[in-house]
Amino acid sequence: MGEQLQNPILSIEDLNVKFTLRGQVLHAIRGVSLDVHPGESIAIVGESGSGKSVFVKCTMGLLDANGQITGGAIRYNGMDLTSFRTDEDWLKIRGREIAMVFQDPMTSLNPLKTIGKQIQEAVELHQGLKGAAAYRAVLEVLSDVGIDDAPRRYKQYPHEFSGGMRQRVVIAIAVACRPRILICDEPTTALDVTIQTQILELIKAMQKKYNLTTIYITHDLGVVANVADRIAVMYAGDIVEVGTCEEVFYDPRHPYTWALLSSLPQLGVKNEPLYAIQGTPPNLFHEIRGDAFAPRNPRALKIDFLERPPMFAVTQTHKARTWLLDPRAPQVAPPEHIRALREKGGNPYA
Amino acid sequence: MPDQRKKLVEVQDLTVQFGSRRHPFTAVDHASFHIYQGETFGLVGESGSGKTTIGRAIIRIHPTASGKVLFDGKQINGPISRELDREVTRRIQMIFQDPMSSLNERAKVDYIVSEGLYAPGRKISEAQRREMVDKALCDVGLLPEFASRFPHEFSGGQRQRIGIARALIMEPDFIIADEPISALDVSIRAQVLNLLSQLQKERGLTYLFIAHDLSVVRFICDRIAVIHKGKIVELAESEELFAHPLHPYTRALLSAIPQPDPIAERNKKLLVYDPACHRYSETNRPGWEEILPGHFVLASREELEEYRELL
Ligand SMILES: Nc1ncnc2c1ncn2[C@@H]1O[C@H](COP(=O)(O)OP(=O)(O)OP(=O)(O)O)[C@@H](O)[C@H]1O
Ligand SMILES: Nc1ncnc2c1ncn2[C@@H]1O[C@H](COP(=O)(O)OP(=O)(O)OP(=O)(O)O)[C@@H](O)[C@H]1O
Ligand SMILES: [Mg+2]
Ligand SMILES: [Mg+2]
């Protein structure tokens, strides 16, 4: 694919992050590499605690104080962001180069300021506009994100907006900073499906209009089929599979990706139990041996418990960290649900 | 053939209002449906449509402005005898929307699970209570040891199980599950859904399952009612509703279901519901019509004709 030949806009190499908690060390990110290409939209998917938020927070210098990058590099625009130490360094990046939309819009809005003022501050700071010009820009931003009656809305406070509208405002503010990369951390988990779909459509439209690169974070694989060009699947602080959207949905290779897809209710059969992943994710306070998913994988191989698998390439764009891709491994077919998804490809209710 | 199934819950023309008498806000507007014994009845609609309010009106937390709620043949809204109140309090239980905030953080699991047993008029020895807590925890797949811990020590899925154990210990016949999985991680959702259907099989429980995610509702519900701004707009058996959605709001909801399939998603046509599309007026009012046996829709005469064409 053409975009693969371009230089990545953001390149993460063998990143390691550890937290210290009551004298114990938690290894939250365990050697993750990922290239993000300009203009693409990539989704990072994985269950709660797998390290999705920590991973993207590293790119904005937002790691909690008890956390530390202990190895690896984050390259952006010729700089290695892991070498940044001061807030001044980060202010060059945060908002204006890389902006983030969080799960709960209330945490990023100031309840005591009008919506209009909050957007205007971003516009003045990042687009250098003042007075009437800034005001007009705010009205345009509001209508961009589908909020009608902008002059009246300008004067309202966050509590006068519904949950879905607040999330639109947060997106409006992020976009008004004209960043090159927009990170959306679970932008729709708190919202109902109709609004969720509208927000995803909105982000897609903003991406086109302002030529953004977007990174979506979610625990729900079902949500990203529509918006992602590529998908990275995270498990226990590691990316275990990465590929184009089609590759991950129609030809997944890692047993964890199989399990994640199989547990979607859309693939359930009525009056039969839904597929549920057994057990719990590993304790990251302990050093992990082998494939981190092995204890929950009913068809794990012996080697899965002993040695960490390398990333095997399936195609130029598709890689997975599983011993099943080793030429010496036995042939293990994906579960039936997954094969069905591929066969029905394009019409799950057929 | 007349329907032989027993109606456990009947909601007739129910209206619930908030606010002052002079400026009432109607959260539930003349809703009618019934739930058969042993079935799972789904209630879906967008945020703020009145789903939780209906559940809370059934368990008598919210007073009703008009209409009736019948449980096992007896009216349970409005003033009722103390005995009936006690019976209803035991036989109807609710599982709450958010497992992170619905449990009392300062109480131990032991107390949280058995709180309902302390109701007046129930005499239970400490040993009996203990035994019941242990059993309820086991029933939902938790260990009896967990009784001495606090809620914050548990994951989202475990907390939701605690909420379910708390309902089960009362040995209810009817459980109102208010978005029991919306706040959970996908990998835990399946566990909780499986647990609910397993319990239903074992004990013949009846559920009112409230959700905004139609993909989940289709999977576990026998029949589904769709609610929009306090009004029920359509009601049918799950498969029928998915095969022949008639009301434009139902169709909009269905079109928004995320499908785990990139090709289908790319070709998907999102329908947006505009309430103005109905052109209702004094002379053109909608009614609650049974268009096929068991399939109801809110429609005017004109619309009914259009919908018939779609069947
Ligand atoms: N400040 C911190 N101190 C200690 N551990 C932390 C801290 N922040 C995160 N962690 C741990 O790092 C791991 C990854 O957390 P992270 O928030 O990235 O998960 P996530 O994939 O975003 O999950 P979710 O879907 O629930 O948001 C978890 O085990 C978490 O407990
Ligand atoms: N105690 C209350 N006082 C005043 N208004 C209320 C109260 N409870 C609910 N409402 C209003 O009634 C309407 C219906 O609310 P309800 O909580 O039933 O919605 P819901 O369908 O459960 O939504 P969600 O999916 O967000 O939980 C809303 O407009 C809400 O603001
Ligand atoms: Mg997170
Ligand atoms: Mg509710």
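In this text the structure is predicted, and so the values were computed from the model without any measurement.

The rules behind these values
Residues numbered from 1 in each chain as written. Chains lettered and ligands numbered in written order. Predicted model: local features only at pLDDT ≥ 70, side-chain atom pairs only at ≥ 80, totals over all residues. Heavy atoms only, no water. Helix = DSSP H or I, 4+ residues; strand = E, 2+ residues; numbered from the N terminus. Rg over C-alpha atoms; globule rule 2.2 N^0.38 Å. Contact = heavy atoms within 4.5 Å. Areas by Shrake-Rupley, 256 points an atom, 1.4 Å probe, with all protein chains shown as cover. Lys, Arg positive; Asp, Glu negative; His and termini not counted. Charge placed at Lys NZ, Arg CZ, Asp CG, Glu CD. Axes fitted to C-alpha atoms, helices over the stretch in contact; angles between N-to-C directions. Parallel < 35°, antiparallel > 145°, perpendicular 65-115°, else oblique. Left-handed = near helix turned anticlockwise from the far one by under 90°. Nonpolar A, V, L, I, M, F, W, Y, C, P; charged D, E, K, R; others polar. Expected span 1.5 Å × (residues − 1). Buried < 20%, exposed > 50% of the residue type's maximum accessible area, 1.4 Å probe, protein only. Arc of directions from axis to C-beta. Core = buried A, V, L, I, M, F, W, Y, C linked by side-chain atoms within 4.5 Å. Near = heavy atom within 4 Å. Polar contact = N/O pair within 3.5 Å; in protein donor to acceptor, adjacent residues only side chain to side chain.

Q: I keep staring at the overall build of chain B and nothing clicks. Help me out?
A: Along its length, chain B carries 11 helices and 12 strands. Over its C-alpha trace chain B gives a radius of gyration of 21 Å, about what one expects of a compact globule, namely 19 Å for 311 residues. Reported as C-alpha extents along the three principal axes, the dimensions of chain B are approximately 65 × 50 × 45 Å. Counted over contacts in chain B with a minimum sequence separation of 6, partners at least 24 positions apart contribute 62%. Carbon and sulfur atoms provide 50% of the accessible area of chain B, an area that totals close to 14600 Å². Of note, chain B has its 40 positive side-chain charges centred 5 Å away from the centre of its 43 negative side-chain charges.

Q: Would you mind showing me how to read the packing of helix α5 (residues 115-127) of chain A against helix α6 (residues 131-144) of chain A here?
A: Angle between the axes and distance between the axes: these two values describe a pair of packed helices. Residues and elements named next belong to chain A. The interhelical angle for the contact between α5 and α6, taken along N-to-C directions, is 115°, at an axis separation of 9 Å. Here α5 lies roughly perpendicular to α6, going by the angle between them. The handedness of the crossing between α5 and α6 is right-handed. Seen from α5, the contacting residues are Ile115, Gly116, Ile119, Gln120, Val123 and Glu124; seen from α6, they are Gly131, Ala134, Tyr135, Ala137, Val138, Val141 and Leu142. Split by residue class, the contact of α5 with α6 holds nine nonpolar, three polar and one charged.

Q: Explain helix α4 (residues 126-139) of chain B here, please?
A: The periodicity of an α-helix, 3.6 residues per turn, causes residues three or four places apart in sequence to face the same way. All names here are of chain B. With 14 residues, α4 extends 20 Å between its outermost C-alpha atoms, agreeing within 8% with the 20 Å of an ideal straight helix rising 1.5 Å per residue. Residues of α4 that are buried include every one of Arg129, Val133, Ala136 and Leu137, and no others. All buried residues of α4 lie within an arc of 100° about the axis, which places them on one face of the element. Of the residues in α4, the exposed ones pointing more than 90 degrees away from the buried face are Ala127, Glu131 and Lys135. Along its buried surface, α4 packs onto α3 (109-114) and α5 (156-168).

Q: How do you make sense of the nonpolar core when you look at a structure like this?
A: What tends to happen in soluble globular proteins is that the nonpolar side chains get buried as a cluster. Ranked by size, the top nonpolar core spans 111 residues in total, and within it Phe55, Ile119, Ile231 and Phe249 of chain A carry the most contacts. For this core, the element with the most residues is helix α8 (residues 163-176) of chain A, which contributes nine residues. Counting residues in each nonpolar core, the second largest holds 59 residues, with Leu103, Met170, Ala190 and Ile220 of chain B among its members.

Q: Explanation requested: the site of ligand 2 in the structure shown.
A: Residue and element names in this part refer to chain B. Near ligand 2 you find 13 residues, and of these Ser47, Gly48, Lys51, Thr52 and Thr53 are the closest. One of the backbone nitrogen or oxygen atoms of Gly48 is found 2.8 Å away from an oxygen atom of ligand 2. A distance of 3.2 Å is found between an oxygen atom of ligand 2 and a backbone nitrogen or oxygen belonging to Ser49. Taken by itself ligand 2 offers 630 Å² of open surface, and the protein chains cover 62% of this. Breaking the shell around ligand 2 down by element, the ones donating at least two residues are β2 (25-36) and α1 (51-58). Of the residues forming the shell around ligand 2, the biggest block, three residues, is contributed by α1. Its residues assigned to classes, the shell around ligand 2 comprises three nonpolar, seven polar and three charged.

Q: Would you explain α5 of chain A in this entry?
A: All names here are of chain A. In a regular helix each residue adds 1.5 Å, so 13 residues correspond to 18 Å; α5 covers 18 Å between its end C-alpha atoms and thus fits that length. Among all positions in α5, only Ile115, Gly116, Gln118, Ile119, Gln120, Ala122 and Val123 are buried. Contact partners of the buried residues in α5: α6, α7 (150-154) and α8. The first or second residue beyond α5 is Gly128, which carries a positive phi of 65°.

Q: Please clarify how the site of ligand 1 should be interpreted in this entry.
A: Residue and element names in this part refer to chain A. Of all residues adjacent to ligand 1, which total 16 residues, the nearest are Ser48, Gly49, Lys52, Ser53 and Asp64. Between an oxygen atom of ligand 1 and a main-chain N or O atom of Val54, the distance comes to 2.9 Å. Expressed as a share of its isolated accessible area of 640 Å², the protein-covered part of ligand 1 is 73%. Listed by contribution, the elements that provide at least two residues to the shell around ligand 1 are β1 (10-21), β2 (24-36) and α2 (52-58).

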